[in-house]
Amino acid sequence: MATNKETMLKEVMHGMNQTPKALPSKYFYDEKGSRLFDEITELEEYYPTRTERLILEENVDSISAELGDKVLLIEPGSGSSEKTKILLSKMDSICCYIPIDISGDYLGQVAEGLREEFPGIDIQPLAVDYTHPFEVPDIYNSSRRVVFFPGSTIGNFKKGTVVRFFEVIADILGKDGAMLIGVDLKKDVKVLEDAYNDAREVTAAFNKNMLKHLNREIGTDFDLDAYDHKAVWNQEAGRIEMRLYANKQHSVKVNGNSFVLEEGEFIHTENSHKYSLSEFEELVSPWFKVVKVWSDQNNLFSVQYLEPV
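Report on the accompanying structure. (Residues numbered from 1 in each chain as written. Predicted model: local features only at pLDDT ≥ 70, side-chain atom pairs only at ≥ 80, totals over all residues. Heavy atoms only, no water.)

**Comments concerning the overall build of the chain**
Next up, step 1: The helix and strand tally for the chain stands at 9 helices and 13 strands.
Next up, step 2: In terms of overall dimensions, the chain is globule-like: its C-alpha atoms have a radius of gyration of 19 Å, near the 19 Å expected for 309 residues.
Next up, step 3: In terms of overall dimensions, the chain has C-alpha extents of about 60 × 45 × 35 Å along its principal axes.
Next up, step 4: Within the span of the chain, comprising 309 residues, buried residues form 52% of the whole.
Next up, step 5: Pairs at least 24 apart in sequence give 69% of the contacts found in the chain among residues at least 6 apart.
Next up, step 6: Entry remark: accessible area of the chain is about 14,300 Å², with carbon and sulfur atoms responsible for 46%.
Next up, step 7: Charged side chains of the chain number 34 positive and 52 negative; the gap between the two group centres comes to 3 Å. (Helix = DSSP H or I, 4+ residues; strand = E, 2+ residues; numbered from the N terminus. Rg over C-alpha atoms; globule rule 2.2 N^0.38 Å. Buried < 20%, exposed > 50% of the residue type's maximum accessible area, 1.4 Å probe, protein only. Contact = heavy atoms within 4.5 Å. Areas by Shrake-Rupley, 256 points an atom, 1.4 Å probe, with all protein chains shown as cover. Lys, Arg positive; Asp, Glu negative; His and termini not counted. Charge placed at Lys NZ, Arg CZ, Asp CG, Glu CD.)

**With respect to the sheet that holds strand β11 (residues 266–273)**
Next up, step 1: On the basis of which strands lie adjacent, the open sheet formed by 4 strands has the order β1-β11-β8-β7 and mixed pairing. With partners counted over all chains shown, the strands left at the sheet margins are β1 (21–22) and β7 (227–234), one partner each.
Next up, step 2: Along the sheet, helix α8 (residues 202–218) makes contact with β7, β8 (239–246) and β11, crossing β8 at roughly 65°. (Pairing = 2+ DSSP bridges. Axes fitted to C-alpha atoms, helices over the stretch in contact; angles between N-to-C directions.)

**Here's the deal with the packing of aromatic side chains**
Next up, step 1: Applying the stated criterion across every chain yields a total of 19 aromatic pairs.
Next up, step 2: Site record: aromatic cluster; members linked through ring pairs are Tyr130, Phe149, Phe157, Phe165, Phe166, Trp287 and Phe288.
Next up, step 3: The ring centre of Phe266 lies 4.1 Å from the NZ or CZ of Arg243, which sits over that ring. (Phe/Tyr/Trp six-rings, centres within 6.5 Å; stacked < 30°, edge-to-face > 60°. Lys NZ or Arg CZ within 6 Å of the ring centre and 35° of its normal.)

**Some words on the pairing of strand β10 (residues 257–261)**
Regular strands place their side chains on alternate faces of the sheet.
Next up, step 1: Bridging between strand β9 (residues 250–254) and β10 involves 5 bridges; their strand directions are antiparallel. By the bridge assignment, His250 is partnered in β10 with Leu261.
Next up, step 2: Following β9, the chain reverses through 2 residues before pairing antiparallel with β10; Asn255 in that reversal takes a positive phi of roughly 55°.

Set out below in structure tokens:
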């Protein structure tokens, strides 16, 4: 079985051999990357987090009614669990919360804080890569399994990853489970591009930190100063694309292999797809039906309640 570093090397080698070059967005999230993303969510330009938080706060009673009386809440890619605290603090039906994150150290710190803040809820952190099949602890079998997937993280997935993800989640939930998911909606392009090119350049630091993470973990020699961050809207694909543009010609070593980047060439680090309500309903239709949608008054963002088909 491959180790984490072997997998990382394989995936980075594969991405650097692509045209354009690409790196897996999951490697944003070492401890520093997780903290930088938390900082991004508080930026003035970055509307998704505050808008989704408002939707959750204003509709928590309605959401609770849909989820049922006894809930085992599972959150892939939980990060700091800030939005989840809205549910944990206002829903008496949640008996156990399983935060899932690839960054085990950061996850452990968050879980300890949650245990202190919510002593009546069983907190069971799980450090795995949730884009691949994983096992949920066999606990609270009389409760309803509900996957909470906020933040429009689903927009970061390529089509093949979307298929695999929903297959994994549907398998975990079984026929009686449910999913509560945040979905970013299509809107004015300037609003979108400003959200990912913030004036304080926190997103730029977050994007470049992936290179530092890879240098540390697998011995690559990315020069962070050789790249400039830029996010652009791809109209045809319906997504924001995060890119790192080479500001000079240089080479990068990965596992003894050298990759040359020309000035102006970019490495594609993340997608953030935006959906209309009908597009998202079609996307999930093989596995789930959309039962209810909550949105803000400007229709920037949505929280959707899904049940297995």
